[in-house]
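The chain contents come next:
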Amino acid sequence: MQQVDPRRLIPRTDRLLALPAVAAARPRLSETVLLALVRDVQDRARRGELPPGEVEDAVTTAVQARAATRLQPVLNATGVVVHTNLGRAPLGPAAVDAVLAASGYVDVELDLATGVRSRRGAGLRAALLAACPAAEDALAVNNGAAALVLATTALAAGREVVISRGELVEIGAGFRLPDLIASTGARLREVGTTNRTHLHDYADAIGPDTGCILKVHPSNFRVEGFTAGAPLADLAALAAERGVPLVADIGSGLLAPDPALPDEPDAATTLAASADLVTASGDKLLGGPQAGLLLGRADLVTRLSRHPLARAVRADKLTLAALEATVTAGEAPVTRYRHADPARLRERAERLAGALGAPVVQHDGRVGGGGAPGVPLPSWAVRLDEAVALPLRTGRPAVLPRVHDGACLLDLRCIPEADDGRLLAAVQAALATLPDASSATSTPSSPSA
Ligand SMILES: *Cc1c(COP(=O)(O)O)cnc(C)c1O
């Protein structure tokens with residue numbers, strides 16, 4: 001009897017594309033993507049990695065597993081609140097609803113009452129001014145870097161930006177503020193030294209070529225010891241006397257002071273000290289979407305918004321919606337996580353640890369995103385074997401733990417309490433993948449608190 005080549009038994013492409021799971025995926029996946037998934041399974045069967053009889057099931061599984069985006073939601077168990085690699089700030093429910101509402105046609109640049117074109121982002125502007133009354137006007141752009149670029153371009157391109165040598169910082173991977181400013185065509189007029197800059201250093205540098213004075217919050221580093229900086233109010237008085245604008249890049253984006261973060265600048269205090277313009281990020285401590293904020297003197301904000309570059313860095317409707325909702329709702333998830341009650345965090349950690357038979361240890365979280373370096377956020381973590389970290393990260397839902405000192409630590413600060421059950425299930429699933437599951441929950445010499 002003649003032997004049938006098993007490859008001839010592999011289902012044909014048209015038959016696989018007609019499977020119910022493929023039909024169900026059509027609103028989400030294009031024909032190109034579906035075809036690629038089908039071909040991939042057929043190729044595995046041709047290579048003998050999959051019996052022909054299992055091809056249909058494999059296509060069904062592959063199609064069902066393929067989401068429209070490869071971005072994976074992650075449970076953040078690191079204790080780092082503004083986590084750059086996890087998209088910084090998670091949006092709160094009001095912002096999520098706003099994004100959904102704005103995803104269709106919206107009146108982002110239209111006055112529905114008159115039917116004529118209106119100012120873009122008027123709702124966000126009103127919300128920002130209500131939350132930060134010290135600002136005369138406000139403008140949102142693509143991100144904090146764009147806010148700084150727009151300000152220095154509009155105020156100082158071809159002229160000088162006077163800045164302290166102690167504030168020529170690099171923030172995040174390779175992002176150097178001096179390089180960014182220089183790219184606008186403004187010249188850096190560096191004053192003072194790394195550790196000490198005095199008011200007279202600024203006074204000596206200001207001249208007919210000065211476009212603006214820039215004060216930058218060094219964010220993720222601190223200079224300690226023999227240091228000096230010009231107080232903001234003194235610098236503002238000098239700027240006013242000499243008729244040059246004072247721009248303050250506060251970074252993290254607190255609109256009002258937070259007593260728990262005494263060294264973190266905020267927009268209200270900075271404007272009250274008579275800075276002319278504040279720039280900040282929308283997705284650090286403000287807890288909104290990626291955005292850059294410009295707050296301050298009305299004539300300067302108008303000047304910036306009319307600059308041609310403003311169009312290139314403008315925020316899209318989804319950002320405007322999410323940011324307005326974040327400011328209006330008042331308490332973003334990052335704020336709640338930062339202020340989480342350590343006793344409650346301990347209770348939750350002990351419940352999780354109890355279910356896993358693992359120890360609980362003291363653990364310090366961090367603000368992250370360049371905010372409040374050196375300020376610990378005291379918490380508790382469930383301690384597991386380091387080997388659990390990989391299956392946790394690659395599981396569904398993905399869980400990002402902190403790997404430290406040969407251990408895998410789960411800090412619940414940035415996990416919504418409603419997700420504690422999902423986290424437990426994810427950890428159990430990850431532990432089950434390990435060869436010796438029983439030893440993974442208890443590391444020797446673990447100092448149980
Ligand atoms: C983070 C930061 C920026 C950049 O803001 P992005 O929103 O990341 O573009 C600029 N300046 C300071 C002081 C910062 O902390």
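For the structure itself, look to the data block above.
Residues numbered from 1 in each chain as written. Predicted model: local features only at pLDDT ≥ 70, side-chain atom pairs only at ≥ 80, totals over all residues. Heavy atoms only, no water.

## So, the side chain of His 363
Then comes step 1: The topology assignment puts His 363 in strand β12 (residues 360-368).
Then comes step 2: Reaching out from His 363, the side chain makes a polar contact with the side chain of Arg 402 at a distance of 2.9 Å.
Then comes step 3: Only 2.8 Å separates the side chain of His 363 from the side chain of Asp 411, close enough to count as a polar contact.
Then comes step 4: Those residues in contact with His 363 that sit more than four places away from it in its chain are Thr 78, Leu 377, Pro 378, Ser 379, Trp 380, Ala 381, Arg 402, Leu 409 and Asp 411. (Helix = DSSP H or I, 4+ residues; strand = E, 2+ residues; numbered from the N terminus. Polar contact = N/O pair within 3.5 Å; in protein donor to acceptor, adjacent residues only side chain to side chain. Contact = heavy atoms within 4.5 Å.)

## Observations concerning the sheet that holds strand β10 (residues 277-281)
Then comes step 1: Spatially, β5-β11-β10-β9-β8-β6-β7 is the arrangement adopted by the 7 strands of the open sheet, whose pairing is mixed. Bordering the open sheet on either side are β5 (137-141) and β7 (187-191), each of which pairs with just one other strand. Between one strand axis and the next, the sheet turns through 25 degrees on average, direction left out of account.
Then comes step 2: Bridge count between strand β6 (residues 160-164) and strand β8 (residues 210-216): 4 bridges; the pairing is parallel. Its bridge partner lying in β8, Val 162 is registered against Ile 213.
Then comes step 3: Along the sheet face, helix α7 (residues 144-156) touches β5, β6, β8, β9 (246-251), β10 and β11 (292-296) and points at about 155 degrees away from the line of β10. (Pairing = 2+ DSSP bridges. Axes fitted to C-alpha atoms, helices over the stretch in contact; angles between N-to-C directions.)

## Some remarks on the nonpolar core
Then comes step 1: One finds Leu 128, Tyr 202, Ile 213, Leu 246, Leu 255 and Leu 295 to be the most contacted residues of the largest nonpolar core, which totals 39 residues.
Then comes step 2: Of the residues forming this core, the biggest block, 5 residues, is contributed by helix α10 (residues 232-242).
Then comes step 3: Once residues within four sequence positions are removed from consideration, Ile 213 is found in contact with Val 162, Tyr 202, Ile 206, Leu 235, Ala 239, Val 244, Pro 245, Leu 246 and Val 247.
Then comes step 4: Formed by 30 residues, the second largest nonpolar core is a distinct cluster that contains Leu 139, Val 149, Ala 154 and Val 313. (Core = buried A, V, L, I, M, F, W, Y, C linked by side-chain atoms within 4.5 Å. Buried < 20%, exposed > 50% of the residue type's maximum accessible area, 1.4 Å probe, protein only.)

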